[in-house]
Amino acid sequence: MIYYFLLLPLVLLLVVFQKSVLDLFFFGRIGVEISLILVIYAGFRMDTIRGAVLSFIVGFFMDCMMGSVSGLYTLLYVCIFFVSALVSLKVYAEGVILIMTFTFLCALSQGLFIVLFYKIIYDVNMFRNIIWVFLPQALVLSILSPVFFKMFDVFKGSLNDGNPRPAKRS
Amino acid sequence: MMFPKKYQSIAVASLLILMALVMISYNIKLFSHTGFLRKLVLEATTPLVSLKNKSLKVLQENWNHYIFLIGLEEENKRLRKENALLSNQRVQYQENYLEAVRLQRILELKEQLDVTAVAAEVIDRDQSSVIKTLLIKKGTSQGLRVGLPVLADRGIAGRITECSWHVSRVMLITDENSNVDALIQGNRAHGILQGSGSEGCHLKYITKTEEVKVGDTVISSGIGGIFPKGIVLGIVKSVDKMDGGLFQKIGVSPSVNFDKLEEVLVLVFNSGEGK
């Protein structure tokens, strides 16, 4: 239960941190979406209920912070979470290369989805952003993902008395 | 649980995706409307964001200040250097100006006297209590010899007592061995100006009948064959007639400030030339 109590403030802090502080490192040109890595991490290493709730909340906070249509990031993150969970059931999801590749694909897919969403719903052409925004973002995220996976492992371990991966997946 | 465990994931996924789709639909329809939860999140994040912004602002200000200080330090160094350079230049210009003024006066004196004169730089002073001399950077190779009168811009300085090839020693009129035949300009009373060391000079052999006042100018008489006539020696600073002798006791302040003397003029007379 403590997990759900801690979830809201911690996720909120994470989203605020990534939206403000991390943007500074890349001069606001590339958004470092740690929240996406967290969702993938949840898909790989957390049980379904916890991970899904986490993804939903992170997505919702992202919607609020990004100023996008409510539900857009929520939907994306929930989808990414379940895809990650499915992938982790089929392949050995511990390898660095897999984590990086999967993160890259998820980030790029997310970008594509957002572009398509705005094109379909609002008829806004954002395709050039795929090259100049989402591709670099996907590259940066894929490079950073193993590091953040380690960090999340450590954090999760501290919450679970030093055991980073309790076997909870059903 | 209302679902079997094996369908739990699918149920959760479906539920959450459905919720997200509802949210999207609702939001697209009422785009201008900000939902309650969204408002709540925005309100909750505002202090964090403002705190972050303040911290960043402080950091940025400190950084800018630091950068500014670095720039300032560089500028300070440059300005100090420039200031030192300009100060040196100013001092140099001032020195040159003062030297020019002094030389101008000496030149005027030289023109007045209409004799051959050699300007010389003072290179040393011996102003101890007993001996009052100067060393000048001219000697026999420039035509100087012992006995020649030495003038400063304001009057007589002394005479040469030693002379080498390039350096000469000048005995000042304040030296106790110095005696110069003198006149009081106002009443033409005649006496001998003798050096008194640190007290300056005193004028001897002026009888009590002569009217001498403080402030009278004492000039050279031209008698004695060393100093030309009419060159200022000093100013009467004290007159004492109360002494029991025949003569007055007259204190004279030399017109030349020997402590600040930097250039002098040596009058070169040919042997036997009249002055």
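Another point: the overall build of chain A. On a plain count of helices and strands, chain A comes out with six helices and zero strands. When the elements of chain A are put in sequence order from the N terminus, they spell out α-α-α-α-α-α. Within chain A, the fraction of its 170 residues that count as buried is 52%. Long-range pairs, those at least 24 residues apart, make up 69% of the contacts in chain A between residues at least 6 apart in sequence. Just so you have it, chain A exposes about 8200 Å², and 74% of that area is on carbon and sulfur atoms.

Turning our eyes to something else, we now look at the packing of helix α3 (residues 48-66) of chain A against helix α1 (residues 8-29) of chain B. Where α3(A) meets α1(B), the closest approach of the two axes is 10 Å, and the angle between their N-to-C directions is 10°. Taken together, the axes of α3(A) and α1(B) lie roughly parallel to each other. Contact residues: α3(A) offers T48(A), I49(A), A52(A), V53(A), F56(A) and F60(A), while α1(B) offers Q8(B), S9(B), V12(B), L16(B), M19(B), A20(B) and M23(B). Of the residues that constitute the contact of α3(A) with α1(B), the class distribution is 10 nonpolar, three polar and no charged.

The next subject is the sheet that holds strand β3 (residues 149-152) of chain B. Backbone-to-backbone hydrogen bonds join strands into a sheet, with any given pair of strands oriented parallel or antiparallel. Residue and element names in this part refer to chain B. Read once around its circumference, the closed barrel built from six strands follows the order β1-β2-β5-β4-β3-β12, with strand pairing classed as antiparallel. The sheet shows a mean angle of 45° between the axes of neighbouring strands, direction not considered. Relative to strand β5 (residues 168-172), strand β4 (residues 155-163) runs antiparallel, the two sharing five bridges. Counterpart to G158 in the pairing with β5 is L172.

What follows is about the nonpolar core. Nonpolar side chains in soluble globular proteins tend to be buried together. Grouped together as the largest cluster of nonpolar side chains are 64 residues, with contacts concentrated most on V11(A), I40(A), L54(A), F61(A) and Y77(A). Secondary-structure elements contributing two or more residues to this core are α1 (2-25), α2 (34-45), α3, α4 (72-90), α5 (96-122) and α6 (128-159) of chain A together with α1 of chain B. No other element matches α3(A), which puts 10 residues into this core. Setting aside anything within four residues of it in sequence, one finds I40(A) in contact with I80(A), S84(A), F102(A), T103(A), C106(A) and F149(A).

Let us now look at the layout of surface pockets. Each pocket or cavity is described by its volume, and for the second largest pocket that value is around 450 Å³. F60(A), M23(B), F36(B), L37(B) and R38(B) are, among the 20 residues lining the second largest pocket, the residues nearest its centre. Listing elements by their share of the lining of the second largest pocket, those giving two or more residues are α1 and α3 of chain A together with α1 and α2 (36-113) of chain B. The biggest single contributor to the lining of the second largest pocket is α2(B), with six residues. Here the lining of the second largest pocket is built from residues that sort into 15 nonpolar, four polar and one charged.

Each partner contributes to the interface: chain B provides 25 residues, whereas chain A provides 31 residues. Considering only the side of chain B, the residues that lose the most area to chain A are L16(B), M23(B) and R38(B), jointly responsible for 24% of the buried surface there. Connecting chain B to chain A are zero salt bridges. Listing elements by their share of the side of chain B that touches chain A, those giving two or more residues are α1 and α2 of chain B. It is α1(B) that provides the largest number of residues to the side of chain B that touches chain A, a total of 13 residues. Here the side of chain B that touches chain A is composed, by residue class, of 18 nonpolar, four polar and three charged.

Okay, the sheet that holds strand β10 (residues 232-240) of chain B next. All names here are of chain B. Spatially, β6-β7-β8-β11-β10-β9 is the arrangement adopted by the six strands of the closed barrel, whose pairing is antiparallel. Averaged over all pairs of adjacent strands, the angle between strand axes in this sheet comes to 40°, irrespective of strand direction. Two strands pair when backbone bridges link them, and strand β9 (residues 217-220) and β10 are joined in this way by three bridges, in the antiparallel orientation. Its bridge partner lying in β10, V218 is registered against G234.

What counts as what
- Residues numbered from 1 in each chain as written.
- Chains lettered and ligands numbered in written order.
- Predicted model: local features only at pLDDT ≥ 70, side-chain atom pairs only at ≥ 80, totals over all residues.
- Heavy atoms only, no water.
- Helix = DSSP H or I, 4+ residues; strand = E, 2+ residues; numbered from the N terminus.
- Buried < 20%, exposed > 50% of the residue type's maximum accessible area, 1.4 Å probe, protein only.
- Contact = heavy atoms within 4.5 Å.
- Areas by Shrake-Rupley, 256 points an atom, 1.4 Å probe, with all protein chains shown as cover.
- Axes fitted to C-alpha atoms, helices over the stretch in contact; angles between N-to-C directions.
- Parallel < 35°, antiparallel > 145°, perpendicular 65-115°, else oblique.
- Nonpolar A, V, L, I, M, F, W, Y, C, P; charged D, E, K, R; others polar.
- Pairing = 2+ DSSP bridges.
- Core = buried A, V, L, I, M, F, W, Y, C linked by side-chain atoms within 4.5 Å.
- 1 Å grid on protein atoms, 1.4 Å probe; cavity = no way out; pocket = protein on both sides within 12 Å on 5 of 7 lines; lining within 4 Å.
- Points joined across faces, edges and corners; volume = space filled by probe spheres on them.
- Buried area = accessible area lost by both parts, 1.4 Å probe.
- Salt bridge = Lys/Arg side-chain N within 4 Å of Asp/Glu carboxyl O.

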